Amino acid sequence: MQGLEKMLEGAFKSVPPLPEEARKGLATAMPWLALAGGVLSLIGAWYLYQAVAWVDRWANYANELSQAVGYSSPVAGVGVIAWISIAILVLQAVLSFVAFPALRTNKKSGWNLMLLMALATVVYGIVANLFSGYMNIGGFVFSLIGSTVGLYLLFQVRSYFGGAATTAPTAKPVAPAAAAPKTDKKA
């Protein structure tokens, strides 16, 4: 995992960094974004499961009906990509929930889990858009753009989670305030 992290870090090295305040705000919000993402992933997995079950139920009914009247061509149900989608959504939810406490305490392990979740999303984008029985080039391109933006933002806040990010600008030392002139209080 560290080798992949170094490779991705090198890829984002030439990209202009976010302003320091934006990076700090994103790092502060990251645990809560992970928690919200986990909840939304679970809700999405539940509704997708219900839709897949409904489609499969009707496909089975149509197949039984067609066999009863003598037709032999089956109606296709939901493909394996839909089930992989549900599994990826559940995986994202679990990783988000597990990462939440570590992100709250600014631990690198939470950031690593978010990186793992982002990489799982990239793999899913490739599988779902290119190997689902038809090639969805537009979906693949948008999946790559979204994943790239997500990884960029993730590497922008890496230094806040126990990792020394080289993509972050180094802080300039603040000059000490000018000393107040001494006044001689002789009356």
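Here is a short report on the structure shown in this document. (Residues numbered from 1 in each chain as written. Predicted model: local features only at pLDDT ≥ 70, side-chain atom pairs only at ≥ 80, totals over all residues. Heavy atoms only, no water.)

## Here's the deal with the layout of surface pockets
Then comes step 1: Counted as a void, the largest pocket has a volume near 440 Å³.
Then comes step 2: Lining the largest pocket are 21 residues, with M30, M114, M117, G150 and L154 positioned closest to its centre.
Then comes step 3: Contributing elements (two or more residues each) for the lining of the largest pocket: α2 (20–68), α3 (80–104), α4 (108–130) and α5 (137–156).
Then comes step 4: Its residues assigned to classes, the lining of the largest pocket shows twelve nonpolar, nine polar and no charged. (1 Å grid on protein atoms, 1.4 Å probe; cavity = no way out; pocket = protein on both sides within 12 Å on 5 of 7 lines; lining within 4 Å. Points joined across faces, edges and corners; volume = space filled by probe spheres on them. Helix = DSSP H or I, 4+ residues; strand = E, 2+ residues; numbered from the N terminus. Nonpolar A, V, L, I, M, F, W, Y, C, P; charged D, E, K, R; others polar.)

## Some points on unusual backbone geometry
Then comes step 1: Here the phi dihedral of N106 falls at roughly 55 degrees; this positive angle occurs in a residue that is not glycine.
Then comes step 2: Considering the arrangement of structural elements, one finds N106 in the loop between α3 and α4.
Then comes step 3: According to the relative accessible area criterion, N106 is partly exposed, its value standing at 40%. (Buried < 20%, exposed > 50% of the residue type's maximum accessible area, 1.4 Å probe, protein only.)

## Section: a nonpolar patch on the surface
Then comes step 1: Together, V39, L40, L42, I43, W46, Y47, Y49, W83, V90, V94, F97 and V98 make up an exposed nonpolar region whose accessible area comes to about 1,100 Å².
Then comes step 2: Those elements that provide at least two residues to the nonpolar patch are α2 and α3.
Then comes step 3: Of all the elements, α2 adds the most residues to the nonpolar patch, at seven residues.
Then comes step 4: For F97, the position within the fold is in helix α3.
Then comes step 5: Here F97 falls in the partly exposed class, since its relative accessible area comes to 31%. (Patch = residues over 30% accessible without salt bridge, like charges linked within 9 Å, V, L, I, M, F, W, Y side chains within 5 Å. Areas by Shrake-Rupley, 256 points an atom, 1.4 Å probe, with all protein chains shown as cover. Salt bridge = Lys/Arg side-chain N within 4 Å of Asp/Glu carboxyl O.)

## Considering the side chain of S41
Then comes step 1: Looking at where S41 falls in the secondary structure, it is placed in helix α2.
Then comes step 2: Leaving out residues up to four positions away in the same chain, S41 has contacts with L89, Q92 and A93. (Contact = heavy atoms within 4.5 Å.)

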